[in-house]
Each structure stands twice: as structure tokens, then as C-alpha cells.
Amino acid sequence: MRKWVIASVGLVVAAILAAPLVFLPSDHDLVVEALDEAVVAGREGRPGGVMEHLSRSIRYNNVPLEDRAAVAEFIRTGKPDVEVLHKEPSIQGDSATIFSPVRVDFRYGPLQVSQTVEDVRFEFRKETGTRWLVVPVPKWRLVSIEASSFEISMP
């Protein structure tokens with residue numbers, strides 16, 4: 001009887017831990033969700049909400065953004081309002097790309113910047129994240145942004 005109870009509890013725990021892996025949204029939905037969550041967090045000035053969707057090796061116009069504290073401060077003070085006009089990712093294996101015009105509004109010191117940037121390229125990579133601190137799940141993170149017609153010196 002005791003073995004039966006232990007086996008039942010083990011099966012229930014295994015089912016709870018496996019459920020997120022079985023019922024995951026599609027990669028398309030996960031990429032769009034990561035982009036949307038980062039945009040909302042940026043607009044609200046919450047750097048943590050943006051940083052969790054950025055890869056540690058993030059690059060802007062092929063330049064590494066190594067000072068994550070400066071990026072977080074820019075998000076906190078500038079509250080960038082970014083609107084990606086076309087959110088249709090092209091997914092190939094563990095990488096995804098979105099090409100879209102982007103409307104950008106933010107404060108940079110005393111300046112208010114408002115601009116529409118054509119042909120922005122967002123590149124995502126599937127990395128391993130966790131749910132409930134222990135369950136490994138795929139997480140799409142932004143690894144590169146290329147916006148050749150928009151140049152601003154980041155701190």
C-alpha cells in the first residue's frame with residue numbers, strides 16, 4: 001500500500017513538471033510574446049522586464065552592448081515607447097528574425113526623440129530558461145538589433 005502511495009505522488013509530481021513542456025505555445029507565439037513583453041516593460045520604464053528578454057551577448061548595429069547597467073538606466077529614465085509595426089517572425093531552427101518599420105519615442109537627457117525607423121531587423125535566439133526555478137523551458141531572447149537609419153550613441 002505504501003509503495004502505491006509513493007508511486008502515485010511521484011506520477012503526480014512528474015505530470016506537473018512535464019505539463020509546461022507538453023502545452024508550450026508555438027515558437028511563433030513565444031517570439032512575438034517576448035517582443036511584446038519587452039516593449040511594454042520599456043514603455044513603463046521597467047528595465048528588469050526588458051533585460052530578461054535580452055541575451056547577454058546583445059548587439060546593436062553589430063556593436064556589443066556590454067554595459068547592461070547603462071542600458072537599464074536608459075530604459076528607466078527614457079521609458080522608450082517602441083511600436084513594431086509588423087511582428088511576423090521568420091523562424092529557422094533556434095533563430096528567428098523580424099523585419100519591420102519601428103516607431104520610437106523616448107527621452108534622452110533633455111531631448112525628446114520621436115522617429116519612425118524603416119527596415120529594423122530584430123534577431124532572436126532560442127535559449128534555455130526556467131519556469132518555477134527548476135523546470136527548463138525554451139526562452140526566446142533578443143540577440144541583435146540592426147537599424148542602420150537610426151543612430152544614437154548609447155551610454
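Rules used throughout
- Residues numbered from 1 in each chain as written.
- Predicted model: local features only at pLDDT ≥ 70, side-chain atom pairs only at ≥ 80, totals over all residues.
- Heavy atoms only, no water.
- 1 Å grid on protein atoms, 1.4 Å probe; cavity = no way out; pocket = protein on both sides within 12 Å on 5 of 7 lines; lining within 4 Å.
- Points joined across faces, edges and corners; volume = space filled by probe spheres on them.
- Helix = DSSP H or I, 4+ residues; strand = E, 2+ residues; numbered from the N terminus.
- Nonpolar A, V, L, I, M, F, W, Y, C, P; charged D, E, K, R; others polar.
- Contact = heavy atoms within 4.5 Å.
- Buried < 20%, exposed > 50% of the residue type's maximum accessible area, 1.4 Å probe, protein only.
- Salt bridge = Lys/Arg side-chain N within 4 Å of Asp/Glu carboxyl O.
- Core = buried A, V, L, I, M, F, W, Y, C linked by side-chain atoms within 4.5 Å.

(A) Inspection of the layout of surface pockets at higher detail. Approximately 220 Å³ is the volume found for the largest pocket. Forming the boundary of the largest pocket are 13 residues, of which L30, E33, R131, P138 and K139 lie nearest the centre. Mapped onto the lining of the largest pocket, the elements with two or more residues apiece are α2 (27-43), β6 (111-131) and β7 (135-146). Partitioned by chemical class, the residues of the lining of the largest pocket number 6 nonpolar, 3 polar and 4 charged.

(B) Highlighting the side chain of R141. Inspection of the secondary structure puts R141 in strand β7. Excluding anything up to four places from it in sequence, R141 contacts E52, H53, L54, S55, E123, F124, R125, E127 and T128.

(C) Highlighting the environment of V39. For V39, the location among the structural elements is in helix α2. We classify V39 as buried; its relative accessible area is 15%. Here the alpha-carbon distance between V39 and D81, two residues 42 residues apart in the chain, equals 7.1 Å.

(D) Broad picture of helix α4 (residues 68-78). When we look at burial in α4, the residues that qualify are R68, A70, V71, A72, F74, I75 and G78. Along its buried surface, α4 packs onto α2, α3 (47-51), β1 (54-60) and β5 (95-108). In the stretch just after α4, K79 is the one whose phi turns positive, near 40°.

(E) Geometry of unusual backbone geometry. Positive phi outside glycine occurs at N61, with the angle close to 50°. Assignment of secondary structure puts N61 in the loop between β1 and β2 (63-64). Of note, the phi angle at N62 is positive, near 65°, even though the residue is not glycine. Counting through the fold element by element, N62 comes out in the loop between β1 and β2.

(F) Summary view of the pattern of salt bridges. A complete count under the given rule lists 13 salt bridges for this structure. Among the ionic pairs, R103 bridges to D105, the shortest N-O distance being 2.2 Å. With relative accessibility at 16%, the residue D105 sits in the buried group. One salt bridge in this structure joins R121 and E146, with 3.5 Å as the shortest N-O distance.

(G) Representation of the nonpolar core in the model. With 28 residues, the main nonpolar core has I98, F122 and F124 as its most contacted residues. Contributions of two or more residues to this core are made by α2, α3, β1, α4, β5, β6 and β7. With 6 residues, the top contributor of residues to this core is α2. Once you skip the residues sitting within four places of it in the chain, I98 turns out to touch V31, L35, V84, H86, K87, E88, P89, V120, R121, F122 and F124.

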